[in-house]
Amino acid sequence: MSADSPKTFYLEVFGCQMNVHDSEKVVGTLLAQGYRQVPTVEEAGLILYNTCSIRDKAEQKVFHRLADYKKLQKQGKRFGVLGCVAQQEGEKIFERAPHVSLVCGSASYRNLPQMLVQLQAGKQRITGLDGRETDECFETEFTARTNPHRGYLTIIEGCDKFCAYCVVPFTRGKERSRTSDSVLAEARQMADLGYTEVQLLGQNVNSYRDPSGKKTFAELLAAVGELFGIRRVRFTTSHPRDFGRDIIQAIDSVSTLCDHVHLPVQSGSDRILDVMQRLYTREQYLERVAWMKAAKREISITSDMIVGFPGETEADFEQTLSLLDEVLFDSIFCFKYSPRPNTPSLQLEDAIPDEEKSRRLIVLQEKQREIQRRTYQRHMGHTLEVMVEGRNEARGQWIGRTSQNKTLNFTAPQAAVPEVGSYIPVVTTGCFPNSLLGEMVI
Ligand code: SAH
Ligand code: SF4
Ligand code: F3S
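Here is what the cut-offs are and how they apply
- Residues numbered from 1 in each chain as written.
- Chains lettered and ligands numbered in written order.
- Predicted model: local features only at pLDDT ≥ 70, side-chain atom pairs only at ≥ 80, totals over all residues.
- Heavy atoms only, no water.
- Helix = DSSP H or I, 4+ residues; strand = E, 2+ residues; numbered from the N terminus.
- Expected span 1.5 Å × (residues − 1).
- Buried < 20%, exposed > 50% of the residue type's maximum accessible area, 1.4 Å probe, protein only.
- Near = heavy atom within 4 Å.
- Nonpolar A, V, L, I, M, F, W, Y, C, P; charged D, E, K, R; others polar.
- Domains from an automatic or database assignment.
- Contact = heavy atoms within 4.5 Å.
- Salt bridge = Lys/Arg side-chain N within 4 Å of Asp/Glu carboxyl O.
- Polar contact = N/O pair within 3.5 Å; in protein donor to acceptor, adjacent residues only side chain to side chain.
- Axes fitted to C-alpha atoms, helices over the stretch in contact; angles between N-to-C directions.
- Parallel < 35°, antiparallel > 145°, perpendicular 65-115°, else oblique.
- Left-handed = near helix turned anticlockwise from the far one by under 90°.

Enquirer: Help me understand helix H1 (residues 17–32) in this model?
Expert: Helical periodicity: at 3.6 residues per turn, an α-helix aligns residues three or four positions apart in one direction. Spanning 16 residues, H1 covers 23 Å between terminal C-alpha atoms, matching the ideal 22 Å at 1.5 Å per step. Burial of H1 is extensive: 12 of the 16 residues sit out of reach of the surface. Where H1 terminates, the next one or two residues include Gly-34, which has phi positive at roughly 90°.

Enquirer: Can you walk me through the site of ligand 2 in this structure?
Expert: In the vicinity of ligand 2, the contacting residues are Cys-159, Lys-161, Phe-162, Cys-163, Tyr-165, Cys-166, Val-168, Pro-169, Gln-203, His-239 and Arg-278. For the shell around ligand 2, a count of residues per class yields seven nonpolar, two polar and two charged.

Enquirer: Teacher, can you tell me more about the domain arrangement of the protein chain here?
Expert: Here the protein chain is described as being made up of domain 1 (8–133), domain 2 (150–375) and domain 3 (380–440). For domain 2 and domain 3, the distance between their C-alpha centroids amounts to 26 Å. The partner domain 3 presents 15 residues to the 16 residues of domain 2 that form the contact. At the junction of domain 2 with domain 3, the criterion picks out three salt bridges. Taking the shortest distance from any N to any O, the salt bridge between Glu-389 and Arg-150 comes out at 3.0 Å. Run the count over domain 2 and domain 3 and you get 13 residue pairs in polar contact (both at pLDDT 80 or more). For the side of domain 2 that touches domain 3, the elements supplying multiple residues, two or more each, are strand E11 (232–236) and helix H13 (354–375). Considering every element that reaches the side of domain 2 that touches domain 3, the biggest residue donor is H13, with three residues. Looking at the side of domain 2 that touches domain 3, its residues break down into two nonpolar, four polar and 10 charged.

Enquirer: For this particular structure, what's the right way to read unusual backbone geometry?
Expert: Trans is the common state for peptide bonds, and a negative phi is the common state for residues other than glycine. Here the amide bond leading from Thr-236 into Thr-237 is cis, since omega sits at 0°, within 30 degrees of zero. Positionally, Thr-237 belongs in the loop between E11 and helix H9 (245–253). Positioned with a positive phi, Leu-328 is a non-glycine residue whose angle comes to about 55°. Relative to the helices and strands, Leu-328 resides in the loop between helix H12 (314–327) and strand E14 (331–336).

Enquirer: Would you mind showing me how to read the side chain of Glu-186 here?
Expert: Counting through the fold element by element, Glu-186 comes out in helix H7 (residues 180–192). Assessed through its relative accessible area of 14%, Glu-186 is described here as buried. Other than its neighbours up to four places away in sequence, Glu-186 contacts Arg-145, Leu-153 and Arg-178.

Enquirer: What is the right way to read the site of ligand 3 from this model?
Expert: Surrounding ligand 3, one finds Gly-15, Cys-16, Asn-19, Cys-52, Ser-53, Ile-54, Cys-84, Val-168, Arg-172 and Gln-203. For the shell around ligand 3, the residue count by class is five nonpolar, four polar and one charged. Both of domain 1 (8–133) and domain 2 (150–375) provide at least three residues apiece to the shell around ligand 3.

Enquirer: What is the right way to look at the packing of helix H11 (residues 282–293) against H12 in this model?
Expert: When two helices pack together, their arrangement is given by the angle between the helix axes and the distance between those axes. At a minimum axis separation of 11 Å, H11 and H12 run at an interaxial angle of 15°. In this view, H11 runs roughly parallel relative to H12, as classed from their interaxial angle. Pair H11 / H12 crosses with right-handed handedness. Residues Arg-282, Tyr-285, Leu-286, Val-289 and Lys-293 of H11 form the contact with H12, whose participating residues are Gln-319, Ser-322, Leu-323, Glu-326 and Val-327. Among the residues making up the contact of H11 with H12, the classes are represented as five nonpolar, two polar and three charged.

Set out below in structure tokens:
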């Protein structure tokens, strides 16, 4: 990319919602610098890749993709690696993929404008790699959100939990919260632009600490929910250790707060939770579940689990299985333990063979599927409000999302054309393990 080449970029993103939202902010920053986003790598002068390092597979994907991109180098294109692999591997990326010119971790995105100027001037090997202790947040004037109806909003960045298996504290820096005033100002701005759903984001939203001391997390949640124009507020991810009863009280009293909590448990065995350094016991987790079950509205609970953590015996695994029966989650994400650089559990022997991890994964997923096949029936005949997300032409159905974050596909009478982004009542006529079916109520 020379000084007179058109400023076009292509951005690809992997990873969690934080990465997706960071990408929206990165796009906003580039647009403000006079760049234009293009839909294909062929059209782009600059190819950016926002990466994830949570498991080994995700990281391998990055290096495969960078190898694929190498052939495009001849066309004068430039390449930048952003996100968690960039922060983790740093300048080593230049050794493995010498065609890359920019390596920037998420804690340094605020410096992107200067880095883009250097890139445009033809500089090679530009790095943005802050130490873990950075206090900086990435707040942009312009965020290019991809959906006009529901949008993400970061309230806290980084993580201080250091769970034994996890790279995030190393790739995202220490915890730093935004002031409640700045969060509310952004939420208000979103509402003014027509957003009706806001999803508050953080690796651990419950450890939100307002630097101005004005609001607790639950109070902030309620304040966002009370803004004019906001119809749904979600938040993710919650950590059981910091999950207070006041969050349930907020959901009870503010109807716009969605009746869904994603509360990753990781394991049902106290012994494994302890080695994982999760800082809670099965009993404490179940106590939080009991709070949710006692809420005025039925709260949908979802979770993340890891199988095959070092030392996980069959008996430990059985404990995770029995937790499924006890909690009756509405859905779970399950992962095979993957040893990661820098993490404490890297010191533990990863002795459980991959086939055994795969077996446990399948057993866990099948059991959960059976539970959902049974428990989703509870929605039968109920009228639920959905936000219309789109249309599935092939099936002649509309796609909706409930407050509990379930997909509810529905039919509507010929004359009615539900608008994407609108909220409509739908009566449930069919229940499947992962979705619901219904008819628009007129
Ligand atoms: N902040 C969130 C999780 C972010 S990572 C939380 O604390 O819950 C998302 C999920 O990836 C985690 O909940 C965990 O289940 C999984 N995960 C993280 N590191 C992993 C590893 N090394 N191997 C397998 N799964 C992992
Ligand atoms: Fe990782 Fe634990 Fe932090 Fe979640 S709370 S991001 S699992 S270290
Ligand atoms: Fe992946 Fe980084 Fe998110 S490792 S899961 S993109 S915080």
